[in-house]
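# Architecture and fold: a report
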Amino acid sequence: MSFAPDPSEQIARARGDLRMGVPVVIFDGTSGVLVLATETLTLERANAARALVGESVLTITSRRAETLKARAYDGDLARIIVPNDAELRWIKALADPSDDLRTPMKGPLKSARDGNIVPHRIALQLTKDARLLPSALITELENPVHFARDHQLTLLFTAQIAPLLGKSAHYNDIVHARLPMEVSETGKLHVFRPNDGGEEHYAIVIGTPDRNRPVLTRLHSACFTGDLMGSLKCDCGPQLRGALAQMGAEGAGVLLYLNQEGRGIGLANKMRAYSLQDQGFDTVEANHRLGFEDDERDFRIGAALLKQLNISGVRLLTNNPAKIDMMQKTGITVSERVALKVGENRFNKDYLQTKADKSGHLL
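Everything numeric here is computed off the predicted structure, so don't read it as measured data. (Residues numbered from 1 in each chain as written. Predicted model: local features only at pLDDT ≥ 70, side-chain atom pairs only at ≥ 80, totals over all residues. Heavy atoms only, no water.)

Before going further, it helps to spend a moment on the packing of aromatic side chains. Enumeration according to the criterion identifies two aromatic pairs in this entry. For the pair Phe27 and Phe157, a centre-to-centre distance of 5.9 Å together with 65° between the ring planes defines the contact as edge-to-face. Here Phe27, found in strand S1 (residues 24-27), pairs with Phe157, found in strand S6 (residues 155-157); they are 130 residues apart in sequence, far enough to count as distant. Overall, Phe27 belongs to the buried group, its relative accessible area being 12%. Residues Tyr202 and Tyr257 carry aromatic rings whose centres are separated by 6.5 Å and whose planes lie at 20° to one another, so their mutual orientation is stacked. (Phe/Tyr/Trp six-rings, centres within 6.5 Å; stacked < 30°, edge-to-face > 60°. Helix = DSSP H or I, 4+ residues; strand = E, 2+ residues; numbered from the N terminus. Buried < 20%, exposed > 50% of the residue type's maximum accessible area, 1.4 Å probe, protein only.)

Have a look at this one:
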């Protein structure tokens, strides 16, 4: 047996490195690149990367490129050629939309249109998975394997890791225990840990659900501001409490608490989106300006946890048709959609309307 990390563990290591501002190397067998997450990029490492022989580009998503009026020749991403005199502030401003309205003219921006884009696509996915802004400073390397070894950097081989990105992890029910709650004294909490080094997720089981019948179920994405702080900008807190209350009233149910804050972009990026909303953008527009899609969550996680709990059929508490579709596609039968219309107020009325108009929520 080798003690060396396998490709999945290498990906987890790379996520941690990028969050700390440490670069990683991606190699496809013939060529390789040095990858630095833009959000955690320091002046010293930026200068060192750009001093290398290879060309440096700033890789951003097509959503962010659209905001910057940059050409996305590669479809889902754009590679912005970094001018020789570009400062760190300029590089970071291309990734972070916080000052877009104050300094809208950042160009003209020249996009690369030739070469291998696979490492760039992998780099963007890694920054997303690390809950960072989806952007990376990427520099071509002459001898990537030696470079990674000499600098003690994580080396990722595209052939090994590309098939793993976007693939569902396996979740282990590592512990569960009785949890009496206000809505039910018969509660139980399960903690699920993925085998890919990702975030843990939780299942709150009320009573003893009959697995032979559809179980009242909710997939609830973590919302620190709404669930814990009582934020009025969303309806998450009322939905959480309303779902648990209904399960308590019926005597049985399962609430999956998925750590996918801010529609899967993380709390820091969610706060960036809130700041953009204060500038007049709606929730979808804010996500796009940050470089994200409308919704970056992975509802396959919910199906995986339900199967671990031996649940194959549900009555789903949701207003989101995407959750129903994913449950059906992953082998969970949804016999009924149970509406959960709670929590509207004057602060979130426009937010809810945007979810209905642009994301298809049934409100």
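Another aspect to go through is the environment of Ser31. Within the fold, Ser31 resides in the loop between S1 and strand S2 (32-37). In the structure, Ser31 is positioned 88 residues away from Pro119 in sequence and 9.7 Å away in space, judged by C-alpha atoms. Discounting chain neighbours no more than four positions away, the residues touching Ser31 are Ile26 and Pro144. (Contact = heavy atoms within 4.5 Å.)

Let's shift gears to the pattern of salt bridges. Scanning the model with the defined rule gives 18 salt bridges in all. Between Glu200 and Arg193 there is a salt bridge; the shortest N-O distance is 2.7 Å. Given the relative accessible area of 41%, Arg193 is considered partly exposed. When salt bridges that share partners are traced, they join Arg63, Glu293 and Asp294 into one network. (Salt bridge = Lys/Arg side-chain N within 4 Å of Asp/Glu carboxyl O.)

The subject of this paragraph is the packing of helix H11 (residues 267-278) against helix H12 (residues 283-290). Put simply, H11 and H12 touch, their axes get as near as 9 Å, and they point 120° apart. By the angle between their axes, H11 is oblique relative to H12. The way H11 lies across H12 gives a crossing that is right-handed. Contact residues: H11 offers Asn269, Arg272, Ala273, Leu276 and Gln277, while H12 offers Thr283, Ala286, Asn287, Arg289 and Leu290. (Axes fitted to C-alpha atoms, helices over the stretch in contact; angles between N-to-C directions. Parallel < 35°, antiparallel > 145°, perpendicular 65-115°, else oblique. Left-handed = near helix turned anticlockwise from the far one by under 90°.)

This part is about the packing of helix H1 (residues 7-20) against helix H5 (residues 118-129). At a minimum axis separation of 9 Å, H1 and H5 run at an interaxial angle of 75°. As the angle between them shows, H1 and H5 are arranged roughly perpendicular. Taking contact as the criterion, the partners of Ile11, Ala14, Arg15 and Leu18 in H1 are, on H5, Leu126, Thr127 and Asp129. Grouping the constituent residues of the contact of H1 with H5 by class yields four nonpolar, one polar and two charged. (Nonpolar A, V, L, I, M, F, W, Y, C, P; charged D, E, K, R; others polar.)

Now for the sheet that holds strand S12 (residues 313-317). Judged by pairing direction, the sheet is mixed, and its seven strands sit side by side in the order S7-S8-S9-S11-S10-S12-S13 without closing on themselves. Unpaired on one side and paired on the other, strand S7 (171-178) and strand S13 (333-338) mark the two borders of the sheet. Along the sheet, successive strands turn relative to each other by an average axial angle of 25°, direction set aside. Inspection of the sheet shows S12 paired to S13 by five bridges, in the parallel sense. By the bridge assignment for S13, Leu316 is matched with Arg337. Against the sheet, helix H9 (residues 236-250) touches strand S9 (201-206), strand S10 (215-221), strand S11 (253-258), S12 and S13, its axis set at about 160° to S10. In the packing of helix H13 (residues 300-308) onto the sheet, contacts are made with S7, strand S8 (187-194), S9, S10, S11 and S12, and the angle to S11 comes to roughly 135°. (Pairing = 2+ DSSP bridges.)

Remember that the coordinates give geometry; whether it matters functionally is a separate question.
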